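Inside the fold
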Amino acid sequence: MRSAAQTRRLSDVLESHTTSHNPPLSTTFGYTTQSVKSKMALHRLFQLSSVLRSSVSLTLRRNIGLSAVVFNRAKDLDPIQKLFLDKIRSYKTKSRASGGVVDGDASYDKNVSDEIFKLQRLYGGGDLDKFPELKFTDPTHDDAAK
């Protein structure tokens, strides 16, 4: 990157070149117009990379809670977290084994069937396990109505 003094010298050369008869700009101070353009493009690229770096940094900071959980797997959990995770895992295995509600007995099944019967009576029957089919009709517009 250029220093501030080099940038000032370059801008002075550009101004003086347009007002007097100096040597061609391409050889002044060892800078060529091509090298100036490439340095400007490189500067823009560095600016873009800093923007990307800051956005990635922001995203990582926002997701630090999730990252902490992921990286914490290797370490020992505190006793309360371990107890909580063990309970969730045991519920998951019981749920898969029973194929539905864990520890559901006959009274639970009776309550569910009673509630489904009430809903069918209240809303006119039908299958409550699937989404209802909605049918909309377009209104007819008559010229005579005007």
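Residues numbered from 1 in each chain as written. Predicted model: local features only at pLDDT ≥ 70, side-chain atom pairs only at ≥ 80, totals over all residues. Heavy atoms only, no water.

A count of helices and strands for the protein gives five helices and zero strands. Secondary structure elements in the protein, listed N-terminal to C-terminal, are α-α-α-α-α. Here the protein holds 146 residues, and 5% of them are scored as buried. Here the analysis covers contacts within the protein between residues at least 6 apart in sequence; of these, 19% occur between residues at least 24 apart. Roughly 13600 Å² of accessible area belongs to the protein as shown, and the carbon and sulfur atoms make up 60% of that amount. (Helix = DSSP H or I, 4+ residues; strand = E, 2+ residues; numbered from the N terminus. Buried < 20%, exposed > 50% of the residue type's maximum accessible area, 1.4 Å probe, protein only. Contact = heavy atoms within 4.5 Å. Areas by Shrake-Rupley, 256 points an atom, 1.4 Å probe, with all protein chains shown as cover.)

Counting all residues, the mean pLDDT for the protein is 75, and 66% of those residues have values of 70 or more. At the level of individual helices and strands, the protein shows its lowest average pLDDT in helix α1 (residues 4-19), which scores 60, and its highest in helix α4 (residues 79-98), which scores 91. (pLDDT = per-residue confidence, 0-100.)

Quick look at the pattern of salt bridges now. According to the stated counting rule, one finds four salt bridges in the structure shown. The partner of Lys82 in a salt bridge is Asp86, and the shortest N-O contact between them spans 3.7 Å. One end of the pair, Lys82, and the other, Asp86, are both in helix α4, four residues apart, so they sit about a helical turn from each other. Between Asp86 and Arg89 there is a salt bridge, and its shortest N-O distance comes to 3.9 Å. Of the two residues, Asp86 and Arg89 both sit in helix α4, three residues apart, roughly one turn of that helix. When its relative accessible area of 36% is taken as the criterion, Asp86 is described as partly exposed. Here the residues in one salt-bridge network are Lys82, Asp86 and Arg89, joined through shared partners. (Salt bridge = Lys/Arg side-chain N within 4 Å of Asp/Glu carboxyl O.)

The end-to-end C-alpha distance of α4, which contains 20 residues, comes to 28 Å, matching closely the 28 Å that a straight helix rising 1.5 Å per residue would cover. Backbone nitrogen of Ile80 and a side-chain oxygen of the N-cap are separated by 3.1 Å at the start of α4; the cap is Asp78. Remark: Gly99 follows α4 within two positions and exhibits a positive phi of approximately 75 degrees. (Expected span 1.5 Å × (residues − 1). Polar contact = N/O pair within 3.5 Å; in protein donor to acceptor, adjacent residues only side chain to side chain.)

Quick look at a nonpolar patch on the surface now. Nonpolar side chains collect at one region of the surface, where Val101, Tyr108, Val112, Ile116, Leu119, Leu122, Tyr123 and Leu128 lie side by side and expose about 740 Å² of accessible area between them. With respect to the secondary-structure elements, Leu122 resides in helix α5 (residues 106-122). (Patch = residues over 30% accessible without salt bridge, like charges linked within 9 Å, V, L, I, M, F, W, Y side chains within 5 Å.)

A positive phi angle is found at Asp103, which is not glycine, with a value near 60 degrees. Within the element layout of this structure, Asp103 appears in the loop between α4 and α5.

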